[in-house]
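Single-letter residue listing:
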Amino acid sequence: MAQTLTAVRGMNDLLPQDSPKWQLIEHTLRSLSASFGYDEIRFPLVEKTELFCRSIGEGTDIVEKEMYTFTDLNGESLTLRPEGTAPCCRAVIEHGLAYNQVQKVWYQGPVFRHERPQKGRYRQFHQFGVEAFGMAGAMVDAELIVMTAALWRQLGIQSALSLEINTLGDKDARSAYRNVLIEYFSAHEDKLDEDSKRRLHKNPLRILDSKNKDMQTLIESAPKLIEHISEECKAHFDSVCAHLTAHGINYTVNPRLVRGLDYYNRTVFEWVTDKLGAQGTVCAGGRYDGLIEELGGRATPAVGFALGIERLLLVVDAVNPRYFDAAIPLDCYVICEDSDSESVAALAESHLRAQSFAVKTDCSGASFKAQFKRAVASGARTALVISQDTRTEQKYSLKYLTEKKDAFIGSLDECIDQIKQA
Ligand code: ATP
Ligand code: MG
């Protein structure tokens, strides 16, 4: 027998039994975006490698060790997108979408990072992201956070998520702070792990983000960025905080929150949970006012966030699995007791679909018992059984699968009325 092939490690199939959950979440994300006035944008899965090196930054985990990069047949270096913000900006610049206007967009789809696969961490995963261009004020920073908070409420998981925010100031403050940090960590170089030693001169802010327990005391006592930022940036941050308070959104200011990508300035935020072990960040974002210009566009303020759909599903599963009850839209499962009933069943199912019911017909010719078992497992609300009685007396039998109720026997129209009420 030929050897079977398996999927690439860390890249998952979405199986039919799980797809209703994904569709439900995706539907929720779409209607959330629409209700905040954001339009969908789609960009390719593959971009020129340089786009990510220039935007995310050379000294970051993503660019240093997580990208799927290859040379195509023309000898060009291409990369499977490891995130959406950079491609989104590329598209916005290329099509002039942020020129002299404001633009609010969302996107969704797979991203690729070569990481060590574990629960909540995969090599192909899915992000839903939102980006807002052309607005410099704090109101839109807050709007994105309000949007995510509304999402947690809709999913019934608000109690499991908490908001951490910080400000990174502007470029000048960051470079001044960078030097202060290099000086501080150099004085304690013996306490740094290998990763941090490597980052010391390349990207010292990332040391603050280290999860290494042995370094936590050192990191706690490091000088704080907030002491180096301008009055203007501070006022912006205060204004974001005031908006959040006005919306009744609780938050913690975490001075160590720096985010893993280089393009951020001013506001950064993360929604974290204790339900997913080490993979605790469900959603992360911030302002990136310099990126569009760095990528060759006209200076345009911008802010956005991205959330991991797999992690979001894990949180909903852990905290509010009832949310997924609505994920099975099947109204009726049609069962034929014998092969002579098949043509009657075919007519009945067309009739049901014409009334906008979602119907699944068992075409297997298996025993009634086997078909009924599958009907129950399908999650359908009802089963319509076509048998000899149907053929001779026009009587259909309707069984209720999700509630305790005696079967109903009647004409097709009477059964349809019953399904409507079920
Ligand atoms: P982490 O610190 O967990 O590595 P990150 O800072 O690299 O996350 P971002 O680049 O901000 O993550 O991506 C936004 C969101 O995408 C994360 O908050 C998370 O929900 C999700 N995410 C990131 N990496 C992965 C992954 N390898 N597998 C699944 N989801 C991921
Ligand atoms: Mg990461």
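Everything in this summary refers to the structure shown in the same document. Since we're looking at a predicted model, the values are computed, not measured.

### So, the environment of Ala306
- Tracing the chain through its elements places Ala306 in strand β11 (residues 302-308).
- Given a relative accessible area of 18%, Ala306 falls into the buried group.
- For the pair Ala306 and Glu270, spaced 36 residues apart in sequence, the C-alpha to C-alpha distance is 9.7 Å.

### Quick word on the sheet that holds strand β14 (residues 382-386)
- Across the sheet, 5 strands lie side by side as β13-β12-β14-β15-β16; this open sheet has mixed pairing. The open sheet has two free edges, formed respectively by β13 (359-361) and β16 (408-410), since each of these has just one partner strand. Within this sheet the neighbouring strands show an average axis-to-axis angle of 20°, counted without direction.
- Two strands pair when backbone bridges link them, and β14 and strand β15 (residues 396-400) are joined in this way by 4 bridges, in the antiparallel orientation. Looking at the pairing, Leu384 lines up with Leu398 of β15.
- Its contacts with the sheet place helix α12 (residues 342-354) against β12 (332-336), β13, β14 and β15, and it is angled at close to 165° to β12.

### Description of the packing of aromatic side chains
- In the structure shown here, the tally under the stated rule is 11 aromatic pairs.
- Members of the aromatic cluster, each reached through a chain of ring pairs, are Trp106, Phe128, Phe269 and Phe305.
- One Lys or Arg, Lys21, reaches over the ring of Phe324 and ends 4.9 Å from the middle of that ring.
- Positioned over the ring face of Tyr400 is Lys405, at 4.4 Å from the centre of the ring.

### Examining the packing of helix α1 (residues 19-35) against helix α11 (residues 309-319)
- Running from amino to carboxyl end, α1 crosses α11 at an angle of 105°, the nearest separation of the two axes being 11 Å. In terms of their interaxial angle, α1 and α11 are classed as roughly perpendicular. Within the contact between the two elements, α1 uses Lys21, Trp22, Ile25 and Leu29 and α11 uses Ile309, Glu310, Leu312, Leu313, Val316 and Asp317.
- Class assignment of the residues belonging to the contact of α1 with α11 gives a composition of 7 nonpolar, no polar and 3 charged.

### So, the site of ligand 1
- Every one of the 15 residues lining ligand 1 counts as a neighbour, but Arg113, Glu115, Arg121, Tyr122 and Arg259 are closest to it.
- Between ligand 1 and the protein, one listed contact pairs a nitrogen atom with a side-chain N or O atom of Glu115 at 2.6 Å.
- Here Val282 contributes a backbone N or O atom positioned 2.9 Å from an oxygen atom of ligand 1.
- In the complex, the protein chains occlude 89% of the 580 Å² of accessible area that ligand 1 would expose alone.
- Those elements giving two or more residues to the shell around ligand 1 turn out to be β6 (124-133), β10 (281-287) and β11.
- Examining the composition of the shell around ligand 1, we find that 4 residues originate from one element, β10, more than from any other.

Conventions we followed
Residues numbered from 1 in each chain as written. Chains lettered and ligands numbered in written order. Predicted model: local features only at pLDDT ≥ 70, side-chain atom pairs only at ≥ 80, totals over all residues. Heavy atoms only, no water. Helix = DSSP H or I, 4+ residues; strand = E, 2+ residues; numbered from the N terminus. Buried < 20%, exposed > 50% of the residue type's maximum accessible area, 1.4 Å probe, protein only. Pairing = 2+ DSSP bridges. Axes fitted to C-alpha atoms, helices over the stretch in contact; angles between N-to-C directions. Contact = heavy atoms within 4.5 Å. Phe/Tyr/Trp six-rings, centres within 6.5 Å; stacked < 30°, edge-to-face > 60°. Lys NZ or Arg CZ within 6 Å of the ring centre and 35° of its normal. Parallel < 35°, antiparallel > 145°, perpendicular 65-115°, else oblique. Nonpolar A, V, L, I, M, F, W, Y, C, P; charged D, E, K, R; others polar. Near = heavy atom within 4 Å. Polar contact = N/O pair within 3.5 Å; in protein donor to acceptor, adjacent residues only side chain to side chain. Areas by Shrake-Rupley, 256 points an atom, 1.4 Å probe, with all protein chains shown as cover.

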